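Breakdown of the fold
Here are the chains, one letter per residue:
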Amino acid sequence: MASSFLRAAISNNAFWCDAVCKALGSPGEFTSTLWFHRRDTPPFYPDIVTLTEADSEQAEAIATLVNSEERVWAIKDSYAALDLEPLGFTLLFEAEWIGMRTPVSVPSPISWKRMESAADLARWEVEWSKANGPVAQRIFSEPLLHAPEIAFLLGFEHDKPIGGGILNLDAGVVGLSNLFAEGRHGETIRRGLIAQAAELYPREPLVGYERGDDLDEAVRAGFELLGPLRIWLKEV
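Residues numbered from 1 in each chain as written. Predicted model: local features only at pLDDT ≥ 70, side-chain atom pairs only at ≥ 80, totals over all residues. Heavy atoms only, no water.

Okay, the overall build of the chain next. Along its length, the chain carries 5 helices and 11 strands. Here the chain has a C-alpha radius of gyration of 17 Å; the compact-globule value for 236 residues is 18 Å, and the two agree. Per-residue burial for the chain yields a buried fraction of 51% across its 236 residues. In the chain, of all internal contacts separated by at least 6 residues, the share reaching a separation of at least 24 is 70%. For the chain, the exposed area adds up to about 11,300 Å²; of that, 51% sits on carbon and sulfur atoms. Considering the chain, the positive charge centre built from 21 side chains and the negative charge centre built from 35 side chains are found 5 Å apart. (Helix = DSSP H or I, 4+ residues; strand = E, 2+ residues; numbered from the N terminus. Rg over C-alpha atoms; globule rule 2.2 N^0.38 Å. Buried < 20%, exposed > 50% of the residue type's maximum accessible area, 1.4 Å probe, protein only. Contact = heavy atoms within 4.5 Å. Areas by Shrake-Rupley, 256 points an atom, 1.4 Å probe, with all protein chains shown as cover. Lys, Arg positive; Asp, Glu negative; His and termini not counted. Charge placed at Lys NZ, Arg CZ, Asp CG, Glu CD.)

This brings us to the sheet that holds strand 7 (residues 150–157). If you trace the 11 strands from one edge of the open sheet to the other, you get 1-2-3-4-11-5-10-9-8-7-6, paired in mixed fashion. With one partner strand each, in any of the chains shown, strand 1 (29–30) and strand 6 (111–114) form the two edges of the open sheet. (Pairing = 2+ DSSP bridges.)

Membership of the largest hydrophobic core comes to 39 residues, with the highest contact counts inside it found for Trp16, Trp124, Phe140 and Phe152. Secondary structure elements with two or more residues in this core: helix 1 (4–23), strand 5 (90–100), helix 3 (118–132), strand 7, strand 9 (173–181) and strand 11 (224–234). At 11 residues, helix 1 tops the list of elements feeding residues into this core. Among residues more than four places away in sequence, those in contact with Trp16 are Tyr45, Phe140, Leu144, Ile150, Phe152, Ile166, Asn168, Ser177 and Asn178. Residues Ala151, Leu167, Ile189 and Leu215 belong to the second largest nonpolar core, which totals 20 residues. (Core = buried A, V, L, I, M, F, W, Y, C linked by side-chain atoms within 4.5 Å.)

A complete count under the given rule lists 0 disulfides for this structure. Sulfur of Cys21: no disulfide; nearest cysteine sulfur belongs to Cys17 and is 7.0 Å away. (Disulfide = S-S within 2.5 Å.)

Bringing the side chain of Lys76 into the picture now. Tracing the backbone through its elements, the reader meets Lys76 in strand 4 (residues 73–77). Of the side chains bearing the opposite charge, Glu210 lies closest to the buried Lys76, which forms no salt bridge; the N-O distance is 11 Å. Once you skip the residues sitting within four places of it in the chain, Lys76 turns out to touch Asn13, Pro46, Ile48, Val49, Thr50, Trp97, Tyr209, Leu229, Arg230 and Ile231. (Salt bridge = Lys/Arg side-chain N within 4 Å of Asp/Glu carboxyl O.)

By secondary structure assignment, the location of Gln196 is in helix 4 (residues 186–200). Given the relative accessible area of 14%, Gln196 is considered buried. Apart from the residues within four sequence positions on either side, Gln196 is in contact with Trp112, Leu153 and Leu167.

A positive phi angle, near 50°, is found at Ala80, a position not held by glycine. Here Ala80 is to be found in the loop between strand 4 and strand 5. Ala80 gets classed as buried once you look at its relative accessible area, which sits at 18%. Look at Arg203: it is not a glycine, yet its phi comes out positive at around 65°. Within the fold, Arg203 resides in the loop between helix 4 and strand 10 (206–210).

In short, the description is geometric, and any link to function would need to be established separately.
If you want it as structure tokens, here you go:
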């Protein structure tokens, strides 16, 4: 059985995916087993997120959705429990859900700013895209700034942005996502975002997912492993 902490991390991530799409004017839909979007989602965002461990109802719902339209589909297999090859999917990557039950605010060697205006958000996205490569469209829109449970953050060294991330409070936890850092500043940015979460959302656990070197960095910063996930992709 999955832990309640893992289930909260998964729910938080699905709510975040929906918030991004809703802010663009096209929210997704929730069932008891899935979050899904009937149209194309923004770059880097899945079309389907599983909310429960695999069962026949979930498998049937996924097959119905995928077979309803011939297009690119991305599925976040939140429990790493699905075999989607029969539906034409290939495994894109595997990762680990992570959590920190009691984030602590500690002094940061850099300064932090929360994005508050459309110009701030545009600047944040420019800095984020430098780390992720150019994208063909805006992903994050201004309505996200008006939600107190969402915070876009930039970290500065000598007035120069060196990294940042997003925090979102939902499902009783704070999701840390879209972390980016310039060069050697990865651990500084991650630890700074942990401190920002402790200040903005006191006593709320912190969750997210990572892989590779980023996962090792998160564990060094105090995160625990909650369980595996997989991202599957079906191309046209």
